[in-house]
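Below, each chain spelled out in residue letters.
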Amino acid sequence: MRPWNPDLDLPDDARIAHAAAFCEHIATRHSCRSFSAKPVPRAIIETAIAAAGTAPSGANRRPWHFAALSSTGAKTALRVAVEEEERTFYGGVGGSEWQGLLRDLGASAEKPYLELAPWIIVAFGQMRASETSRFPNPHVAESVSIACGLLLTTLHTAGLATLVHTATPARFLNRLCRRPEHERPIMMIITGHPAPGATVPAAAAERKPLDQIASWL
């Protein structure tokens with residue numbers, strides 16, 4: 001056992017100020033769909049993944065693996081596979097109403113940023129501890145999603161643009177990233193510098209106010 005200690009013994013007004021400053025900072029994060037090819041040091045990606053690895057997880061099983069893609073070949077193969085799935089979705093599987101919502105956000109079946117962005121991080125959930133283990137890990141999707149939240153926050157703090165692409169079922173990612181079958185792709189995080197002139201769609205800039213996302217009992 002080790003003692004748990006807060007970083008600082010702060011008065012309440014200082015804690016409120018810290019929380020407010022962080023809220024103001026993270027509110028500037030928006031999804032980006034226009035990336036430049038400007039390189040991003042691997043050290044930033046390593047640090048962001050290390051931060052993600054500090055997330056809480058079910059039974060402390062830490063059921064995640066992050067595959068970081070930067071080679072041209074891997075990103076091109078990823079784009080081809082993703083766009084094939086997306087064309088099926090936009091061709092009718094997703095339904096017209098859902099597709100309309102996505103188009104308002106600037107999304108389409110074409111994903112050129114998958115080749116342009118310097119890094120694609122694929123988050124896998126480990127459904128069991130190993131391929132031979134009989135016992136499932138608990139709360140895998142929830143644990144990996146929390147870790148990805150920390151990953152996004154760290155990348156934003158480093159001044160990088162980010163975009164989340166959900167990866168369900170996308171089993172081709174196991175083959176592309178050379179991951180075992182007991183792992184399931186949860187999401188992809190595209191990151192890098194925004195392209196010159198990149199914009200945020202009006203629909204994406206909207207945020208629900210506090211009274212619509214919280215209740216006090």
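Residues numbered from 1 in each chain as written. Predicted model: local features only at pLDDT ≥ 70, side-chain atom pairs only at ≥ 80, totals over all residues. Heavy atoms only, no water.

### Looking at the overall build of the protein
- Broken down by element type, the protein carries nine helices and four strands.
- N-terminal to C-terminal, the α/β element order of the protein is α-α-β-α-α-α-β-α-β-α-β-α-α.
- Computed over the C-alpha atoms, the radius of gyration of the protein is 19 Å, within 12% of the 17 Å expected from 2.2 N^0.38 for a compact globule of 217 residues.
- With the principal axes as the frame, the protein shows a C-alpha extent of 55 × 50 × 40 Å.
- Within the protein, the proportion of its 217 residues that are buried is 36%.
- A fraction of 77% describes how many contacts in the protein between residues 6 or more apart in sequence connect residues 24 or more apart. (Helix = DSSP H or I, 4+ residues; strand = E, 2+ residues; numbered from the N terminus. Rg over C-alpha atoms; globule rule 2.2 N^0.38 Å. Buried < 20%, exposed > 50% of the residue type's maximum accessible area, 1.4 Å probe, protein only. Contact = heavy atoms within 4.5 Å.)

### Here's the deal with unusual backbone geometry
- Positive phi, close to 55 degrees, is recorded for Ala59, a residue that is not glycine.
- Mapping Ala59 onto the fold places it in the loop between helix H2 (42-52) and strand E1 (64-69).
- For His139, which is not a glycine, the phi torsion comes out positive at approximately 55 degrees.
- Among the secondary structure elements, His139 is positioned in the loop between strand E2 (119-126) and helix H6 (140-157).

### So, the packing of helix H1 (residues 12-26) against H6
- Contact geometry for H1 and H6: axes closest at 11 Å, N-to-C directions at 85 degrees. Between H1 and H6, the angle falls in the class roughly perpendicular. Of the residues in H6, those touching H1 at Phe22, His25 and Ile26 are Thr153, His156 and Thr157.
- Tallied by class, the residues present in the contact of H1 with H6 amount to two nonpolar, four polar and no charged. (Axes fitted to C-alpha atoms, helices over the stretch in contact; angles between N-to-C directions. Parallel < 35°, antiparallel > 145°, perpendicular 65-115°, else oblique. Nonpolar A, V, L, I, M, F, W, Y, C, P; charged D, E, K, R; others polar.)

### Observations concerning the pattern of salt bridges
- Under the criterion given, the structure shown has seven salt bridges.
- Two residues, Arg79 and Glu115, come together in a salt bridge whose shortest N-O distance is 2.7 Å. A residue pair is termed long-range when its members are at least 10 positions apart, and Arg79 in helix H3 (residues 72-93) and Glu115 in helix H5 (residues 113-116) qualify at 36 residues.
- Each of Arg79, Glu83, Arg87, Glu110 and Glu115 takes part in salt bridges that share partners, so that together they form one network. (Salt bridge = Lys/Arg side-chain N within 4 Å of Asp/Glu carboxyl O.)

### Section: the nonpolar core
- Phe35, Leu69, Leu78, Ile120, Val122, Leu173 and Ile190 are the most contacted members of the largest nonpolar core, which totals 22 residues.
- Excluding residues that lie within four positions of it along the chain, Phe35 makes contacts with Tyr113, Leu116, Ala117, Ala161, Thr162, Leu163, Ile190, Thr191, Gly192, His193, Pro194 and Ala195.
- Listed in part, the 21 residues of the second largest apolar core include Ala48, Ala52, Ile121 and Val144. (Core = buried A, V, L, I, M, F, W, Y, C linked by side-chain atoms within 4.5 Å.)

### With respect to the pairing of strand E4 (residues 183-192)
- Counting buried positions over the 10 residues of E4 gives nine, a clear majority of the element.
- Judged from the eight bridges that link them, E2 and E4 form a sheet pairing that is antiparallel. In the sheet register, Gln126 faces E4, and the bridge partner there is Glu183. (Pairing = 2+ DSSP bridges.)

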